[in-house]
Amino acid sequence: MLHALQAEFGYIDEAAEPLIAEALNITRAEVHGVITFYHDFRRAPAGRHVLKLCRAEACQAAGGDPLAAHAQARLGVPMGTTAPDGSVTLEAVYCLGLCAVAPSAMLDGRVIGRLDQARLDGLLAETQQ
Amino acid sequence: MTLRLTIPIDAAALAVGAGQVASAISAAAARQKVAIEIVRTGSRGLYWLEPMIEVETPAGRVAYGPVAPHDAESLVAALRVDGGHKLRLGLTEEIPWLKRQTRLTFARCGIVDPRSLADYRAHDGGKGLERALSLGADALVEQVVQSGLRGRGGAGFPTGIKWRTVAQTTAEQKYIVCNADEGDSGTFADRMIMEGDPFVLIEGMAIAGIATGATKGYVYIRSEYPHAVAAMEAAILAARKGGLLGNRIGGSSFAFDMEVRVGAGAYVCGEETSLLDSLEGKRGQVRAKPPLPAHHGLFGRPTVINNVLSFASVPIILDKGAGFYRDFGMGRSRGTMPIQLAGNVKHGGLFETAFGVTLGELVDTIGAGTNSGRPVRAVQVGGPLGAYFPRALFDTPFDYEAFTARDGLIGHGGIVVFDDTVDMARQARFALEFCAIESCGKCTPCRIGSARGVEVVDRIIKNDNRAANIEVLTDLCNTMKFGSLCALGGFTPYPVMSALTHFPEDFGAQPRLQAAE
């Protein structure tokens, strides 16, 4: 149900919590607890694009740290936030299961492996279109 | 004559351009007026060669890779004549990296069309279920017990014993749950099976249903795996149509059906009891054990919960017999393990082999060292909760007990390779930071210990009262290890303490030679 709401609206508005609670006959606190427990559920709309960079060990070993720093510097925002112009939300993800083609990323659901600075710049350029 | 090509739709192959390669080859074939048929398969697991395409020839499939879209024209032109091309790797089955493996669980992965139940059956799929039906529930559980199969998710608990416990528990409703929340960095075997041979997982779960009297199954897949979710959903529909699932599976009187449930980005949900809570629609918080899920699992009912690879190994065990499977391996680790080589490694991928191969062989010979060309300094085995091993421990055989004896774990079989630029104090800090982010918050050692641990490591790195803080860290790790409810808090000390023990110089210790003087 929460997945469906997020798929429809892009995030789960706080105003939806009492409605969900009512429909499922549970307390609002329980609904709030579930939404805030999981990293995937958003409380506010994301940017027009979502760029996830894998920050787990296999990607760290393959040079993921400087790439993450580069993306943050280029966009001027830290991980987990949206660029001021609303173009892109930059997020850390802990493993996309692409560890043998590390470092990896996901742009709006599209997977990218063997990421390097040039490829990352290409992805960032895509988000500005 | 129509040329038959296979090109992976595995997520990691797509991530390096397999989709563009497939389109480019179609276009090139159209331009050159060559009739081709492209079948999209899973990956063979030789990821440094992806996108790897294969062409059917009378002698067998011939591989080419890594193929870029701009190679399409010359490749199609070569295929019109003798197939000679600079990217030609020879017969796929003869590639040494693949040839020296023992592929039991992954027998079909990369070969069959994951969307075709007919193709699955043409490659021996379904034989395990047939045998299971002829044996009956009790004898079939005995086969799984005899095979020595242990939980491939990491805990290594004997699968057959778990099944027997559920079979012997009476209840109106029982469940089969597959843990496909493969969150460990450096692991991707579950994803490969779901994307490359999903019917083997369905067959394994259906067999578990027959064995225990469960009629309903769930596959809990992490949201980071959209391709696996789609592949499993398509396979379940096809399996229902083809009689592998439904009211009369395989024409028998047994009923079994299943569905996919998608996670929401919580690492801790890979822990079996928090996964069950998450499946019930709650926060994924760890439950205290006992009661065991086998007695009191999903919705309070007896539940078999196993990893993807455990279920996927069952069909071949039944097809070939418990003895066949048990004859591979060493000690109490029987059968084969799909090992995943990842990180800074030259030849990364899926290497399934009998237990007993040494860590050094895996990293140096099979993995061929680092991709950066620098010396290997450390490897982390078993995901973010696994220990860091230095070269000095490379003689450790891949075996549950051997790793435990050296304060490590094989976990889900992932090996992440690091070169000599790694800072082990930072890796230790990351392990604690990750635990703090992902802790479900139920028990104090994990929730508070991880946050305090990050602060202590920071003080050690800053050389603030270093010796005393190392003592605090050691003590804290002990508390977490013995006081946490589940493996997240309980095993986070493995990467931390192994880094501290094997790489003290990164924590400010004097190099050992000087210290000895």
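In this text, all values refer to a predicted model and were calculated from it rather than measured experimentally. (Residues numbered from 1 in each chain as written. Chains lettered and ligands numbered in written order. Predicted model: local features only at pLDDT ≥ 70, side-chain atom pairs only at ≥ 80, totals over all residues.)

Peer 1: So what exactly am I meant to see when it comes to the overall build of chain A here?
Peer 2: In terms of regular secondary structure, chain A is built from six helices and five strands. Starting at the N terminus and ending at the C terminus, chain A contains elements arranged as α-α-α-β-α-α-β-β-β-β-α. Overall, chain A is about 50 × 30 × 20 Å in size when its C-alpha atoms are taken along their principal axes. Buried positions account for 40% of the 129 residues belonging to chain A. Intrachain contacts of chain A at a sequence separation of at least 6 include 56% that bridge at least 24 residues. (Helix = DSSP H or I, 4+ residues; strand = E, 2+ residues; numbered from the N terminus. Buried ≥ 20, exposed ≤ 12 C-beta atoms within 10 Å, placed from the backbone. Contact = placed C-beta atoms within 7 Å.)

Peer 1: Where do I start with the interface of chain B and chain A in this structure?
Peer 2: Accessible area lost when the parts come together is the quantity often used to give the size of an interface. Facing the 41 residues of chain B at the interface are 29 residues of chain A. Elements supplying a minimum of two residues to the side of chain B that touches chain A: α1 (11-15), β12 (336-343) and β16 (414-419) of chain B.

Peer 1: Help me understand the pairing of strand β1 (residues 3-8) of chain B, please; the structure alone is not making it clear to me.
Peer 2: Residue and element names in this part refer to chain B. Here β1 runs beside strand β2 (residues 36-41); their pairing, made up of six bridges, is parallel. In the strand pairing of β2, I7 is matched with R40. Here β1 pairs with strand β3 (residues 53-57) via two bridges, running antiparallel. Opposite L5, over in β3, you have V55 as the bridge partner. (Pairing = 2+ DSSP bridges.)

Peer 1: Could you clarify how one ought to interpret the sheet that holds strand β6 (residues 175-180) of chain B in this entry?
Peer 2: Residue and element names in this part refer to chain B. With respect to topology, four strands assemble into an open sheet ordered β8-β7-β6-β9, the strand pairing being parallel. In this open sheet, the two edge strands, each paired with only one partner strand, are β8 (257-262) and β9 (303-307). Strand after strand, the sheet turns through a mean of 20° between neighbouring axes, direction not considered. Sheet strands touched by helix α10 (residues 198-212): β6, β7 (216-221), β8 and β9. Its angle to β6, the strand with the most contacts, is close to 150°. Each of β6, β7, β8 and β9 is contacted by helix α12 (residues 272-279), which is oriented at about 110° to β6, the strand it contacts most. (Axes fitted to C-alpha atoms, helices over the stretch in contact; angles between N-to-C directions.)

Peer 1: Just to check I follow, could you spell out the packing of helix α6 (residues 127-135) of chain B against helix α13 (residues 308-320) of chain B for this structure?
Peer 2: Geometry of a packed helix pair, given as the angle between the helix axes and the separation of the axes. Residue and element names in this part refer to chain B. α13 packs onto α6 with a crossing angle of 60° between their chain directions and a minimal axis gap of 7 Å. It follows that α6 is oblique to α13 by the angle criterion. Considering the relative orientation of α6 and α13, their crossing is left-handed. Here α6 contributes K127, G128, L129, R131 and A132 to the contact with α13, which in turn contributes V314, P315, I316, L318 and D319. Within the contact of α6 with α13, the residues separate by chemical class into six nonpolar, one polar and three charged. (Parallel < 35°, antiparallel > 145°, perpendicular 65-115°, else oblique. Left-handed = near helix turned anticlockwise from the far one by under 90°. Nonpolar A, V, L, I, M, F, W, Y, C, P; charged D, E, K, R; others polar.)

Peer 1: Would you explain the domain arrangement of chain B in this entry?
Peer 2: Residue and element names in this part refer to chain B. Domains assigned within chain B are domain 1 (3-99), domain 2 (117-326), domain 3 (329-419) and domain 4 (424-514). The distance between the C-alpha centroids of domain 3 and domain 4 comes to 22 Å. Taken together, the contact between domain 3 and domain 4 spans 12 residues of the former and 14 residues of the latter. Counting only elements with at least two residues in the side of domain 3 that touches domain 4, the list comes to β14 (376-381) and β15 (388-390). Considering each element in turn, the side of domain 3 that touches domain 4 owes the most residues, three residues, to β15. Residues belonging to the side of domain 3 that touches domain 4 are distributed by class as follows: eight nonpolar, three polar and one charged. (Domains from an automatic or database assignment.)

Peer 1: I tried to follow the environment of A208 of chain B on my own but got confused; where do I start?
Peer 2: All names here are of chain B. Examined against the element boundaries, A208 turns out to sit in helix α10. The buried category is assigned to A208, around which 31 C-beta atoms lie within 10 Å. Excluding its chain neighbours within four sequence positions, the residues that come into contact with A208 are W163, I176, A214, V304 and F311.

Peer 1: Before we go on, may I ask you to explain the nonpolar core in this structure?
Peer 2: Note on soluble globular proteins: their nonpolar side chains tend to be buried together. Ranked by size, the top nonpolar core spans 210 residues in total, and within it V177, I202 and V379 of chain B carry the most contacts. At 10 residues, α10 of chain B tops the list of elements feeding residues into this core. (Core = buried A, V, L, I, M, F, W, Y, C linked by C-beta atoms within 7 Å.)

Peer 1: What am I meant to see in the pairing of strand β13 (residues 349-354) of chain B here?
Peer 2: Along a regular strand, successive side chains alternate from one face of the sheet to the other. Residue and element names in this part refer to chain B. For β13, the buried fraction is high: five of the six residues fall into the buried class. Direction of pairing for β12 relative to β13: antiparallel, over a ladder of six bridges. Within the sheet, the bridge partner assigned to L341 lies in β13 and is G349. Between β12 and β13, which pair antiparallel and follow one another directly, the connecting turn spans five residues.

Peer 1: What's the story with the packing of helix α19 (residues 466-483) of chain B against helix α21 (residues 493-502) of chain B in this structure? I'm lost.
Peer 2: All names here are of chain B. Where α19 contacts α21, the two axes come as close as 10 Å, and the packing angle between them is 150°. By the angle between their directions, the pair α19 and α21 is classed as roughly antiparallel. Every pair of crossing elements has a handedness; the one defined by α19 and α21 is left-handed. Between α19 and α21, the residues in contact are I470, C477, M480 and K481 and P493, V496, M497 and L500, respectively. Along the lines of polarity and charge, the residues of the contact of α19 with α21 split into seven nonpolar, no polar and one charged.

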